[in-house]
Amino acid sequence: SPTISNNLITANDVSGPQQYYLGGGIYLNATTTASPVITRNTITGNSVIPVSGSNNASNWGIGGGIYSGFGCHSTISQNAITNNDAGNANLTNERGYGAGISVYMITGAPDTVITGNLIAGNIARNFGGGVYVGCYAITNAHTMVTITNNEIRGNAASGGGALSTYYSISKVVNNTIVGNAAFQG
């Protein structure tokens, strides 16, 4: 499993003809269990803004700053994760989830840990301006995550400006969550 530390990760953009745009700043994925460590980085100004989809199929932008996917049980600590984007409301038939961090699993335990980060100024078109935690399909194990000691401020989304969860077991403890905006939550 990789350790990514002490980097400036900025102004990256996922592009192309694919339906899923994942991990503008950092993309983590594994076919077997992995435990990557992301620590003491500045992850800013990255985006996953897909092209417009069709009437029959939306395109998806997931994890503007960090995408922690499928088999990854990441530890994300002491990072500044700011001003990342997922999706764009001006485009048709596209979605944006988890502008700062997206945790998107097919396996349960052990927990992904998000701790001691500044998560600010991120914008998602749909859910989870700061953080989105979800599962690939409701038939899979619930995603397990512990979110502690973070400052989550000034993020925006249609639902869950700071944090949005979907079929997950989330422990959200001792965070400062302030000044986030959403139509729902």
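Right, let's walk through the structure included here.

1. Focus: the sheet that holds strand β11 (residues 80-82)
And step 1. Strand order across the open sheet formed by six strands is β2-β6-β11-β16-β20-β24, with parallel pairing between neighbours. Pairing within the sheet leaves two strands with one partner each, and these edge strands are β2 (8-10) and β24 (176-178). Looking at each pair of strands side by side, their axes are set apart by 5° on average, direction ignored.

2. Some thoughts on the sheet that holds strand β8 (residues 59-62)
And step 1. Judged by pairing direction, the sheet is parallel, and its three strands sit side by side in the order β3-β8-β13 without closing on themselves. Both outer strands of the open sheet, β3 (20-22) and β13 (94-97), are each paired with one neighbouring strand and no more. Averaged over all adjacent pairs, the angle separating strand axes in this sheet is 10°, with direction ignored.
And step 2. Pairing analysis gives three bridges linking β3 to β8, with the strands arranged parallel.

3. Brief notes about the pairing of strand β18 (residues 131-135)
And step 1. Counting buried residues along β18, five of its five residues qualify, which places the element largely inside the surrounding structure.
And step 2. Of the two faces of β18, both are covered, the one formed by Val-131, Val-133 and Cys-135 as well as the one formed by Tyr-132 and Gly-134.
And step 3. Direction of pairing for strand β14 (residues 101-105) relative to β18: parallel, over a ladder of five bridges. Across the sheet, residue Ser-102 finds its bridge partner in β18, namely Tyr-132.
And step 4. Pairing between β18 and strand β22 (residues 163-165): three bridges, direction parallel. Residue pairing across strands places Val-133 opposite Thr-165, the latter belonging to β22.

4. Here's the deal with the nonpolar core
And step 1. In terms of nonpolar packing, the biggest core is built from 22 residues, with Ile-66, Ile-101 and Ile-114 touching the most fellow members.
And step 2. Every element with two or more residues in this core is listed here: β4 (26-28), β14, β18 and β19 (143-148).
And step 3. Per-element accounting of this core gives the leading share, three residues, to β14.
And step 4. Dropping the residues within four chain positions of it, Ile-101 is found in contact with Ile-66, Ile-76, Ile-81, Ile-114, Ile-119, Gly-130, Val-131 and Tyr-132.
And step 5. Val-14, Tyr-21, Ala-86 and Ala-99 belong to the second-largest nonpolar core, a separate cluster that totals seven residues.

5. Structural notes on the pattern of salt bridges
And step 1. In the structure shown here, the tally under the stated rule is three salt bridges.
And step 2. With its nearest N and O atoms 2.5 Å apart, the salt bridge here joins Asp-111 to Lys-171. You can see Asp-111 sitting in the loop between β14 and β15 (112-115) and its partner Lys-171 sitting in strand β23 (residues 168-173), a full 60 residues away along the chain.

What counts and what doesn't
Residues numbered from 1 in each chain as written. Predicted model: local features only at pLDDT ≥ 70, side-chain atom pairs only at ≥ 80, totals over all residues. Heavy atoms only, no water. Pairing = 2+ DSSP bridges. Helix = DSSP H or I, 4+ residues; strand = E, 2+ residues; numbered from the N terminus. Axes fitted to C-alpha atoms, helices over the stretch in contact; angles between N-to-C directions. Buried < 20%, exposed > 50% of the residue type's maximum accessible area, 1.4 Å probe, protein only. Core = buried A, V, L, I, M, F, W, Y, C linked by side-chain atoms within 4.5 Å. Contact = heavy atoms within 4.5 Å. Salt bridge = Lys/Arg side-chain N within 4 Å of Asp/Glu carboxyl O.

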